[in-house]
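Residue-level structure breakdown
Residues per chain, in single letters:
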Amino acid sequence: MIPENHPRRDSLILRDKIVKANDSGILAPSSLIAHGRGETFDYLLGERTTLPAKRAIYVAVATMIVADNPVISVNGNTTALVIDEIIGLANELNANIEINLFYRTDERVDKIEKLYRKHGFDDILGGNDDEIKYLRSIKNPRATASKRGIYDADVVLVPLEDGDRAEILSKTDKTVICVDLNPLSRTSRKSDISIVDNIVRVIPLMVQIARDLKNQDEEFLYELIDSYDNEYNLKESLEEFKIKEGY
Ligand code: PTJ
């Protein structure tokens, strides 16, 4: 039981979600380490959505709205932290959701698939029975993708992705959007739109922004997309880590 007035209550609630998800068998053992790393970056960032993160989020949503087949890739951590919000975003954007695990086992895939169904999302891709293809014919487990999902997608949202896969995806002509609290990671550096923020703040904000941007002209959305410079935005994201007095 986490006391209501605990100064780190929100952070402890997230830890609790991760611990429970781990007990349920949907996480890889190193997921807890990955979460801890994310926690540290978030602490240094001041646990807030920065201006560059907001800019990247707007561009990411606009890109997904104008896409033909936007796909949201999900792993254990993302599922543990924001399953309902991911489903909300997929519904808002008419996007597919694909299970894509770094430490893939049939058992974990099966459990995650069942969890999405239990939360009301049935057409989940990347399951054990799905048709799998290799991206750009690269015979590497990190290059596998669902034929109807990432393989065919023009835009892929990859929260908490590992560097190998981000690198392989960046070699395709797909637009890669990542959510990663580490602005120096290979994933952040290889993606086309890098959102340096916590997934628990990003996905709900994306849902809100999607509701707004869906009513805008395509011309406006393309202006947003074309004026965006990810390298510049990443530099600005890094600047936000300057530890300020009074933290
Ligand atoms: O479920 P699986 O098998 O696909 O495995 C998932 C993990 C996350 C274990 C796997 O992809 C992995 O090992 O990832 P890495 O290489 O540790 O990278 C995860 C990145 O996500 C790191 O840069 C973390 O800082 C970042 N991160 C962790 N938690 C969050 C986060 N970024 C945004 N929001 C978070 N809550």
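Heads up: the structure comes first, above all this text.
In this text, all values refer to a predicted model and were calculated from it rather than measured experimentally.

The subject of this paragraph is helix α6 (residues 163–170). Buried residues of α6: G163, R165, A166, I168 and L169, and no others. Packed against the buried residues of α6 are β4 (144–146), β5 (155–159), β6 (175–179) and α7 (186–190). Two or three places before D164, at the start of α6, stands the capping residue D162, its side-chain oxygen 3.1 Å from that residue's backbone nitrogen.

Moving on, we get to the site of the ligand. Neighbouring the ligand are 24 residues, the closest being F102, Y103, R108, D180 and N198. At 2.7 Å from an oxygen atom of the ligand is found a side-chain nitrogen or oxygen belonging to R108. Between an oxygen atom of the ligand and a main-chain N or O atom of L160, the distance comes to 3.4 Å. When isolated, the ligand has an accessible area of 740 Å², and the protein chains bury 94% of it. Where the shell around the ligand is concerned, the elements lending two or more residues are α2 (31–45) and α4 (76–93). In terms of residue count, α2 provides more of the shell around the ligand than any other element does, five residues in total. Per-class residue counts for the shell around the ligand are ten nonpolar, nine polar and five charged.

Moving on: the environment of L51. By the secondary structure assignment, L51 is in helix α3 (residues 51–66). It is 8.2 Å that separates the C-alpha atoms of L51 and S237, two residues lying 186 residues apart in sequence.

What follows covers unusual backbone geometry. Not every positive phi belongs to a glycine, and E47 is a case in point at roughly 50°. If you trace the backbone, E47 turns up in the loop between α2 and α3. For L160, which is not glycine, the phi torsion reads 50° and is therefore positive. Relative to the helices and strands, L160 resides in the loop between β5 and α6.

Before going further, it helps to examine a negative patch on the surface. Taken together, D217, E218, E219, E223 and D226 make up a surface patch of like negative charges. Within the element layout of this structure, E223 appears in helix α9 (residues 218–226). A residue is classified by how much of its surface remains accessible, and E223, at 49% relative accessible area, is partly exposed.

The next point concerns the nonpolar core. Judged by nonpolar contacts, the single largest core of 51 residues is most densely connected at I72, I97, Y116, L157, I203 and M206. Residues contacting Y116, with those up to four places away along its chain left out, are V74, T79, I83, I86, I87, I97, F121 and I124. Of all hydrophobic cores here, the second largest spans twelve residues; its members include V71, I150, V156 and C178.

Between two aromatic rings, the relevant description is the distance of the centres plus the angle of the planes. In total, this model carries two aromatic pairs according to the counting rule given. With a centroid separation of 6.1 Å and an interplanar angle of 85°, the aromatic rings of F41 and F241 are classed as edge-to-face. Separated by 200 residues along the polypeptide, F41 in helix α2 and F241 in the segment after α10 (230–239) bring together distant segments of the chain. For the pair F102 and Y103, a centre-to-centre distance of 4.6 Å together with 75° between the ring planes defines the contact as edge-to-face. Among the residues examined, F102 registers a relative accessible area of 38% and is labelled partly exposed.

Rules of the game
Residues numbered from 1 in each chain as written. Predicted model: local features only at pLDDT ≥ 70, side-chain atom pairs only at ≥ 80, totals over all residues. Heavy atoms only, no water. Buried < 20%, exposed > 50% of the residue type's maximum accessible area, 1.4 Å probe, protein only. Helix = DSSP H or I, 4+ residues; strand = E, 2+ residues; numbered from the N terminus. Contact = heavy atoms within 4.5 Å. Polar contact = N/O pair within 3.5 Å; in protein donor to acceptor, adjacent residues only side chain to side chain. Near = heavy atom within 4 Å. Areas by Shrake-Rupley, 256 points an atom, 1.4 Å probe, with all protein chains shown as cover. Nonpolar A, V, L, I, M, F, W, Y, C, P; charged D, E, K, R; others polar. Patch = residues over 30% accessible without salt bridge, like charges linked within 9 Å, V, L, I, M, F, W, Y side chains within 5 Å. Salt bridge = Lys/Arg side-chain N within 4 Å of Asp/Glu carboxyl O. Lys, Arg positive; Asp, Glu negative; His and termini not counted. Charge placed at Lys NZ, Arg CZ, Asp CG, Glu CD. Core = buried A, V, L, I, M, F, W, Y, C linked by side-chain atoms within 4.5 Å. Phe/Tyr/Trp six-rings, centres within 6.5 Å; stacked < 30°, edge-to-face > 60°.

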